Amino acid sequence: MEKQRPKMRLIGQDGNIFAILGRASRLLKENGQPDQAKEMCDRVYQSGDYYKALNIVSEYVETELSEKTLPKQKKRSDPER
C-alpha cells in the first residue's frame, strides 16, 4: 500500500533547492515517512540539476509540479455507429 504524499506549496516560498529540500524532508518525517525523506535527499544530492531536483522532490511530496493523476475514463461497451 502506497503512502499518501503530503502537500507542499512551492509558489511564494524560498526557491533555494536546499530550503525546498529541507521543507520536503521535514514534511515527510512529520508524516511518518523518514525512509522516503532520506531516499529523496540522496537522489536530489546526486541529481546535479535544479530542475531535476525539483522534479524529484515532487515525486515524494505533492507540489504544483507533481504529476496529476486523471480519473479513468469509462469505456463504452458498445462501439459507436
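Residues numbered from 1 in each chain as written. Predicted model: local features only at pLDDT ≥ 70, side-chain atom pairs only at ≥ 80, totals over all residues. Heavy atoms only, no water.

Asker: Tell me what's going on with the packing of aromatic side chains, and back it up with residues and numbers.
Answerer: In total, this model carries one aromatic pair according to the counting rule given. With a centroid separation of 5.3 Å and 90° between ring planes, the pair formed by tyrosine 50 and tyrosine 51 is classed as edge-to-face. Looking at tyrosine 51, the relative accessible area reads 58%, which means it is exposed. (Phe/Tyr/Trp six-rings, centres within 6.5 Å; stacked < 30°, edge-to-face > 60°. Buried < 20%, exposed > 50% of the residue type's maximum accessible area, 1.4 Å probe, protein only.)

Asker: Explain the nonpolar core residue by residue, including any values.
Answerer: The biggest cluster of nonpolar side chains holds 18 residues, and the ones touching the most others in it are Met8, Met40, Val44, Val57 and Val61. Of all the secondary structure elements, the ones that give two or more residues to this core are helix H1 (17-30), helix H2 (34-47) and helix H3 (50-60). The greatest single-element share of this core, amounting to six residues, is contributed by H1. Once residues within four sequence positions are removed from consideration, methionine 8 is found in contact with Ile20, Arg23, Ala24, Leu27, Val57, Val61, Glu62, Thr63 and Glu64. (Core = buried A, V, L, I, M, F, W, Y, C linked by side-chain atoms within 4.5 Å. Helix = DSSP H or I, 4+ residues; strand = E, 2+ residues; numbered from the N terminus. Contact = heavy atoms within 4.5 Å.)

Asker: I'd like to hear about the packing of H2 against H3, residue by residue, with values.
Answerer: In contact at an axis separation of 9 Å, H2 and H3 are set at 165° when each is read in the N-to-C sense. Regarding the angle of H2 to H3, the classification is roughly antiparallel. Along this stretch, H2 crosses H3, giving a crossing that reads as right-handed. The segment H2 lies against H3, with Gln36, Glu39, Met40, Arg43, Val44 and Ser47 engaging Lys52, Ala53, Ile56, Val57, Glu59 and Tyr60. (Axes fitted to C-alpha atoms, helices over the stretch in contact; angles between N-to-C directions. Parallel < 35°, antiparallel > 145°, perpendicular 65-115°, else oblique. Left-handed = near helix turned anticlockwise from the far one by under 90°.)

Asker: Let's hear about the environment of glutamine 4: which residues, and what values?
Answerer: The topology assignment puts glutamine 4 in the segment before H1. Separated by 27 residues in sequence, glutamine 4 and asparagine 31 have C-alpha atoms that sit 9.2 Å apart.

Asker: Go over the pattern of salt bridges with me, naming the residues and quoting the values.
Answerer: Across all of its chains, the model carries two salt bridges by this definition. In this structure, aspartate 42 and lysine 38 form a salt bridge, with 2.9 Å as the shortest nitrogen-oxygen distance. Taken together, the residues aspartate 42 and lysine 38, both in helix H2 and four residues apart, mark about one turn of the helix. In this structure, the salt-bridge partner of glutamate 59 is arginine 43, at a minimum N-O distance of 2.8 Å. Of this pair, glutamate 59 sits in helix H3 while arginine 43 sits in helix H2, and the two are 16 residues apart along the sequence. Looking at arginine 43, the relative accessible area reads 32%, which means it is partly exposed. (Salt bridge = Lys/Arg side-chain N within 4 Å of Asp/Glu carboxyl O.)

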